[in-house]
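Results of the structural survey
Below, each chain spelled out in residue letters.
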Amino acid sequence: MKDYSELTQLQLDAVKEISNIGAGNAATALSQMIGRKIDMTVPQASIAPFPQIVDIVGGADKGVAGGYMRVNSDMPLGILFLIPEEQAFFFLDFILGSPSGTNDSWGDLQKSAFMEVVNILAGSYLNALACFTNHTYNPSVPAMAVDMAGAILGEVLQQIGEVSDYALVVENIFIEEEKEIKGYFFLLPEPQTLENLLQALGVA
Amino acid sequence: MADETVKVGMAEVKTALAPQSLITIGLGSCIGICLWDPVKKVGGLAHIMLPDSTQSRKSINKAKFADTGIRVLVDEMVSLGANKTRLVAKIAGGAQMFNFPGSSNVMRIGDRNAEAVKKSLKELSIRLKAEDTGGNFGRTIEFFTENGDLLVKTINKGQKII
């Protein structure tokens, strides 16, 4: 079994590339959902050790909203979407069609809308993965948490923690008119999955 | 002069001498294990992620696991002059951040972490003086080597000293 730190440059590039395409798909899906143009900068994919991962998202005590989905197929994996809490509210304002600043706490409506966004984002991300690997991925319903980034990340990183000290994170910047919204995808393949992924991509 | 606070990251073990404090930010299902020698005022903090190193393929980083992390911490504290028989423990964390409908045992990692930590403390005959574990929220903790106080901070549930 491999972990991210043992990948060759070619393998790394292959994994990053599908992540980039997946994130691109996600932005398109989001744009269609809210009926507004969403631009996106080129996603930055990086492999980092656990303590640095929390720095990428703004520090362990940063308040974030996280949506997490598990995929139980023959390639089990997890997908986490993280977004700073204040930006999540901005997101919700235009998804729910309310004036800017309306949504500032997590009621049932906000939670449900957020999970729907996660559903769509992660779903389109998985679609890209499915195209490249000729596999079907059926994700669970998303679970969400709003809390410190470190606390949320710690829990999902445990999934791969038994074999790895590294994780793959894709940083996405969505741009709606002038406002930049930074969201982060984490692709968390279970131990055997990473190897199978590489095989399916033809870079094993 | 060393910094007043020592930061402990995910899957790290650090020690400190009075008057320094040890801080770890954003504990979810991870657990912060704080050990203290009240006489020498040596403190140590391990931020563990997983219960059991024997389940792992390779345990390069011992600080990641409850069973090995505590032992590494004890060794480091002893080399700083702490006496193993005087050590007392306080722990925090072990929450469950995500709640899946019908979730399996595997997901209840916070509880399993807490159990594993207590088991290891028992094996090493270290007394557990206080704990703040469980729930579904994150914790930031600061451990003061001067008096052994452990400050537990949360975003929505206030803060307390245990």
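Worth saying up front: this structure is predicted, and the values here are computed from it rather than measured. (Residues numbered from 1 in each chain as written. Chains lettered and ligands numbered in written order. Predicted model: local features only at pLDDT ≥ 70, side-chain atom pairs only at ≥ 80, totals over all residues. Heavy atoms only, no water.)

The secondary structure content of chain B amounts to two helices and 10 strands. Along its sequence from the N terminus, chain B presents helices and strands in the succession β-β-β-β-β-α-β-α-β-β-β-β. Radius of gyration (C-alpha) of chain B: 15 Å, near the 15 Å computed for a compact globule of 162 residues. For chain B, the spread of C-alpha atoms along the principal axes amounts to about 50 × 35 × 25 Å. The 162 residues of chain B split such that 56% are buried. Of the contacts made within chain B by residues no fewer than 6 positions apart, 63% connect residues no fewer than 24 positions apart. When the accessible surface of chain B is summed, it comes to about 7,100 Å², and 49% of that surface belongs to carbon and sulfur atoms. (Helix = DSSP H or I, 4+ residues; strand = E, 2+ residues; numbered from the N terminus. Rg over C-alpha atoms; globule rule 2.2 N^0.38 Å. Buried < 20%, exposed > 50% of the residue type's maximum accessible area, 1.4 Å probe, protein only. Contact = heavy atoms within 4.5 Å. Areas by Shrake-Rupley, 256 points an atom, 1.4 Å probe, with all protein chains shown as cover.)

All names here are of chain B. Cis peptide bonds are those with omega within 30 degrees of zero, and the linkage from Ala 18 to Pro 19 qualifies with 10°. The residue Lys 41 is not glycine, and still its phi comes out positive at about 55°. With respect to the helices and strands, Lys 41 occurs in the loop between β4 (31–37) and β5 (42–48). On the basis of relative accessibility, which here comes to 27%, the residue Lys 41 falls in the partly exposed class.

Attention shifts here to the nonpolar core. In globular proteins that are soluble, nonpolar side chains generally tend to be buried together. Counting 53 residues, the largest nonpolar core has A:Leu80, A:Leu82, A:Leu153, A:Leu157, A:Phe186, A:Leu188 and B:Phe98 as its most contacted members. Top element by residues in this core is helix α5 (residues 149–161) of chain A. It accounts for seven residues. Look past the residues within four positions of A:Leu157 in its chain and what remains in contact with it is A:Phe50, A:Ala167, A:Leu188, B:Met10 and B:Met49. Counting residues in each nonpolar core, the second largest holds 50 residues, with A:Val15, A:Val117, A:Leu121 and A:Ala130 among its members. (Core = buried A, V, L, I, M, F, W, Y, C linked by side-chain atoms within 4.5 Å.)

Our focus in this paragraph is helix α2 (residues 109–123) of chain B. Residues and elements named next belong to chain B. Across its 15 residues, α2 extends 21 Å between first and last C-alpha, which sits within 8% of the 21 Å expected from 1.5 Å per residue. For α2, the complete set of buried residues consists of Ile 109, Gly 110, Asn 113, Ala 114, Ala 116, Val 117, Ser 120 and Leu 121. Along the axis of α2, the buried residues cluster in a sector spanning 165°; they form a single face. Opposite the buried face of α2, by more than 90 degrees, sit the exposed residues Glu 115, Lys 119 and Lys 122. (Expected span 1.5 Å × (residues − 1). Arc of directions from axis to C-beta.)

Turning our eyes to something else, we now look at the interface of chain A and chain B. Think of interface size as the accessible area that goes away when the parts come together; that is how it is often given. Chain A puts 34 residues into the contact, and the matching count from chain B is 34 residues. Summed over both partners, the interface of chain A with chain B buries about 2,600 Å², with 64% contributed by carbon and sulfur atoms. When the buried area of chain A at its contact with chain B is split by residue, A:Glu155, A:Gln158 and A:Glu162 rank highest and sum to 27% of it. The interface formed by chain A and chain B holds zero salt bridges in total. Linking chain A to chain B there are seven residue pairs in polar contact (both at pLDDT 80 or more). Mapped onto the side of chain A that touches chain B, the elements with two or more residues apiece are α2 (50–56), β3 (63–71), β5 (143–148) and α5 of chain A. The greatest single-element share of the side of chain A that touches chain B, amounting to nine residues, is contributed by α5(A). (Buried area = accessible area lost by both parts, 1.4 Å probe. Salt bridge = Lys/Arg side-chain N within 4 Å of Asp/Glu carboxyl O. Polar contact = N/O pair within 3.5 Å; in protein donor to acceptor, adjacent residues only side chain to side chain.)

Residues and elements named next belong to chain A. Along the chain, Gly 22 turns up in helix α1 (residues 9–34). Sequence separation between Gly 22 and Ala 128 is 106 residues; the distance between their C-alpha atoms is 5.0 Å. The contact partners of Gly 22, leaving out residues within four places of it in the chain, are Ser 124, Tyr 125 and Ala 128.

The strands that make up a sheet pair up through hydrogen bonds in the backbone, lying either parallel or antiparallel. Residues and elements named next belong to chain B. The strand order β1-β3-β8-β9-β10 describes an open sheet built from five strands, whose pairing is mixed. Both edges of this open sheet fall to β1 (5–7) and β10 (159–161), since each of them pairs with a single strand only. Between one strand axis and the next, the sheet turns by 20° as a mean value, whatever way the strands run. Summarising the sheet, strand β9 (residues 150–153) and β10 pair through three bridges and their orientation is antiparallel. Following the sheet pairing, Lys 153 is matched in β10 by Gln 159. (Pairing = 2+ DSSP bridges. Axes fitted to C-alpha atoms, helices over the stretch in contact; angles between N-to-C directions.)

Residues and elements named next belong to chain B. A large share of strand β6 (residues 88–93) lies buried, amounting to six of its six residues. Across the two faces of β6 the burial is the same, with Val 88, Lys 90 and Ala 92 and Ala 89, Ile 91 and Gly 93 all buried. Pairing geometry for β4 and β6, over six bridges, is antiparallel. Across the sheet, residue Cys 34 finds its bridge partner in β6, namely Lys 90. The pairing of β6 with strand β7 (residues 127–133) spans six bridges and is classified as parallel. Residue pairing for β7: Gly 93 is matched across the bridge by Thr 133.

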